[in-house]
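One letter stands for each residue in the lines below.
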Amino acid sequence: MENIDVFIMDPTFIDLLVYDLWLQGFSENEAAQRRKCDEKFKNFGASHAIITSDTQDQFRLFYMLERFLQSPPMLAKQMLLQISPDVQDILIERHFDKEVVRELLGKKLTGRVRKDLDDVSEKTNIPLKSCRRQMLDHWTVGSVEGSTADVGDTGAEFDRGFLQELRDLKVFVNDKEIVDEHRSLVCNDIAKRFTKKLAKSVENNFKNLCRGLLTIAAGLIHSKEVKDVLSDFVEKFIESCKQQEWDANETDIFLGSLVDTCGKLDSLHSYFDRNLGSLLYRSNLERLIPVYSRYMTVCQKCIVRMYHD
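What you see is a predicted model; the values in this text were computed from it and never measured.

*Asks:* Quick question: what am I supposed to make of the overall build of the protein here?
*Replies:* When you go through the protein residue by residue, the secondary structure sums to 17 helices and 5 strands. Classification of the 309 residues of the protein by burial places 45% in the buried group. Summed over all atoms, the accessible surface of the protein reaches about 17,100 Å², with 50% contributed by carbon and sulfur.

This is the structure:
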């Protein structure tokens, strides 16, 4: 009769040392061989068969959790395994290596995947297998499923209706009255609360920076654009900020001020027509304030997290 090993865990026990081996791309057998050298197994006299069985059981757990780890907010909602919030946080934190993610965010990994990953692995000193896993997860995280889009690792899930409304935000860079008033509000806010130097830099680059973010917003209705959104943040916004020699804090200040001041825009309701010499009223543009605020808040969280000197 064949012998079987039975492991019962409730709540679920996660061996973080085995988890690290799994993240690094080791196979079950390779991980088991490494664990054999652990003093605690030698002290307990654990056989190779038991260590291998336990390693295989842990790997099964990780494969079950993988789809939840690729979309971190789902991990807390899943009912498959009982895992404490503290352990959930550790699993998510370790799943993506900061240095690897930073390298991947600035790249569109397409035809040159192998060479790109070799470069990332060499630069970060992270095993190639681990870089490959994180690349696949990086692609998966930005995918669109059905009528919703999960943007990056921020947990921001946008419904299709919201994505359609994002296209209307172009008025914030195409309408001169709105652009001028918003620029003035943001610059005054930054000058009062932070520095006049940053306010002057914002004044000179306001429209181009806003246009970059709102161009990204208009394209998010298309699934391909959602998948590329983090790379677009780098190319269309972060690089421009770096050209102005802004650090992460100054970028955060600018993005926060955009959100804080958008609700104060009188020009969304009415504006003075100099040709007619009278006040004209706009219809229904105030509905865009929560849309703008919601989108820019997510941009702020993503960009500040990605930004590095």
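The rest of the description comes next.
*Asks:* Mind showing me how you'd approach the packing of helix 13 (residues 196-219) against helix 17 (residues 288-306) here?
*Replies:* A pair of packed helices is characterised by two quantities: the angle between their axes and the separation of those axes. In contact at an axis separation of 11 Å, helix 13 and helix 17 are set at 110° when each is read in the N-to-C sense. By the criterion of interaxial angle, the relationship of helix 13 to helix 17 is roughly perpendicular. Of the residues in helix 17, those touching helix 13 at Leu213, Leu214, Ile216 and Ala217 are Tyr292, Tyr295, Met296, Cys299 and Ile303. Counted by class, the contact of helix 13 with helix 17 contains 9 nonpolar, no polar and no charged residues.

*Asks:* What's the story with the side chain of threonine 12 in this structure? I'm lost.
*Replies:* Counting through the fold element by element, threonine 12 comes out in the segment before helix 1 (16-23). Taking relative accessible area as the criterion, threonine 12 reaches 16% and is therefore assigned buried. Not counting residues up to four positions away in its chain, the partners in contact with threonine 12 are Leu61, Leu81, Gln82 and Ile83.

*Asks:* Honestly, the packing of aromatic side chains in this entry has me stumped. Any pointers?
*Replies:* A ring pair, where both rings are aromatic, is described by two values, the distance of the centres and the angle of the planes. Following the criterion strictly, the structure yields 10 aromatic pairs and no others. On the basis of an interplanar angle of 25° and a centroid distance of 4.2 Å, the ring pair of phenylalanine 172 and tyrosine 292 is categorised as stacked. Here tyrosine 292 lies in helix 17 and phenylalanine 172 lies in helix 11 (residues 171-174), a separation of 120 residues in the sequence. A single burial state applies to phenylalanine 172 and to tyrosine 292, both of which are buried. Their ring planes at 10° and their centres at 6.4 Å tell us that phenylalanine 237 and phenylalanine 254 sit as a pair that is stacked.

*Asks:* What is the right way to read the pattern of salt bridges from this model?
*Replies:* Two side chains of opposite charge can pair, provided their charged atoms sit close to one another. In this structure the tally under the stated criterion is 11 salt bridges. Between lysine 176 and aspartate 180 there is a salt bridge, with its nearest N and O atoms 2.7 Å apart. A residue pair is termed a helical-turn pair when its members lie 3 or 4 positions apart in one helix, as lysine 176 and aspartate 180 do in helix 12 (residues 176-193) at 4 residues. Among the residues examined, aspartate 180 registers a relative accessible area of 30% and is labelled partly exposed. One salt bridge in this structure joins arginine 193 and aspartate 189, with 2.8 Å as the shortest N-O distance. One end of the pair is arginine 193 and the other is aspartate 189, both in helix 12 and 4 residues apart, which spans about a single turn. In this structure arginine 193 comes out as partly exposed when scored by relative accessible area, which is 46%. On the basis of relative accessible area, aspartate 189 is assigned to the buried category, the value being 16%.

*Asks:* Explain helix 1 here, please?
*Replies:* Restricting attention to buried positions, one finds in helix 1 the residues Val18, Tyr19, Leu21, Trp22 and Leu23. The backbone nitrogen of leucine 17 lies 3.0 Å from a side-chain oxygen of the residue at the head of helix 1, namely aspartate 15.

*Asks:* So what exactly am I meant to see when it comes to the nonpolar core here?
*Replies:* Core analysis: the biggest nonpolar cluster contains 53 residues, and Phe172, Phe233, Phe254 and Tyr295 have the highest contact counts within it. Of all the secondary structure elements, the ones that give two or more residues to this core are helix 10 (160-166), helix 11, helix 12, helix 13, helix 15 (229-243), helix 16 (248-262) and helix 17. The greatest single-element share of this core, amounting to 11 residues, is contributed by helix 17. Beyond its immediate sequence surroundings of up to four residues, tyrosine 295 is in contact with Phe162, Leu166, Leu169, Leu213, Leu214, Ile216, Ala217, Leu220 and Phe233. Counting residues in each nonpolar core, the second largest holds 18 residues, with Leu23, Phe59, Leu69 and Leu81 among its members.

*Asks:* Would you take a moment to explain the environment of glutamate 30 for this structure?
*Replies:* Looking at the secondary structure, you find glutamate 30 in helix 2 (residues 28-35). Exposure remark for glutamate 30: the relative accessible area of 35% places this residue in the partly exposed category. It is 9.8 Å that separates the C-alpha atoms of glutamate 30 and threonine 55, two residues lying 25 residues apart in sequence.

*Asks:* How do you make sense of helix 12 when you look at a structure like this?
*Replies:* Each full turn of the α-helix corresponds to 3.6 residues, which orients residues three or four apart in the same direction. In this model, helix 12 (18 residues) spans 26 Å end to end at C-alpha, consistent with the 26 Å of a helix rising 1.5 Å per residue. Where helix 12 is concerned, the buried positions are Ile178, Val179, Glu181, His182, Arg183, Val186, Cys187, Asp189 and Ile190. The inward-facing, buried residues of helix 12 abut helix 11, helix 13, helix 16 and helix 17. One side-chain oxygen at the N-terminal end of helix 12 lies 3.0 Å from the backbone nitrogen of glutamate 177; it belongs to aspartate 175.

*Asks:* What is the right way to look at the confidence of the model for the protein in this model?
*Replies:* Parts of the prediction with low pLDDT should not have their coordinates interpreted in detail. Of all residues in the protein, 68% attain a pLDDT of 70 or more, and the chain-wide mean is 77. Low confidence marks residues 139-157, where pLDDT is under 50. Its contacts with residues over four positions away, or in another chain, come to 41 contacts.

*Asks:* Looking at this model, I keep getting lost on the environment of lysine 264. Mind explaining?
*Replies:* For lysine 264, the position within the fold is in the loop between helix 16 and strand 4 (270-273). For lysine 264, a relative accessible area of 54% translates into the label exposed. Note: C-alpha distance between lysine 264 and glutamate 181 (83 residues apart in sequence) is 9.4 Å. Those residues in contact with lysine 264 that sit more than four places away from it in its chain are Glu181 and Leu185.

The rules behind these values
- Residues numbered from 1 in each chain as written.
- Predicted model: local features only at pLDDT ≥ 70, side-chain atom pairs only at ≥ 80, totals over all residues.
- Heavy atoms only, no water.
- Helix = DSSP H or I, 4+ residues; strand = E, 2+ residues; numbered from the N terminus.
- Buried < 20%, exposed > 50% of the residue type's maximum accessible area, 1.4 Å probe, protein only.
- Areas by Shrake-Rupley, 256 points an atom, 1.4 Å probe, with all protein chains shown as cover.
- Axes fitted to C-alpha atoms, helices over the stretch in contact; angles between N-to-C directions.
- Parallel < 35°, antiparallel > 145°, perpendicular 65-115°, else oblique.
- Contact = heavy atoms within 4.5 Å.
- Nonpolar A, V, L, I, M, F, W, Y, C, P; charged D, E, K, R; others polar.
- Phe/Tyr/Trp six-rings, centres within 6.5 Å; stacked < 30°, edge-to-face > 60°.
- Salt bridge = Lys/Arg side-chain N within 4 Å of Asp/Glu carboxyl O.
- Polar contact = N/O pair within 3.5 Å; in protein donor to acceptor, adjacent residues only side chain to side chain.
- Core = buried A, V, L, I, M, F, W, Y, C linked by side-chain atoms within 4.5 Å.
- Expected span 1.5 Å × (residues − 1).
- pLDDT = per-residue confidence, 0-100.

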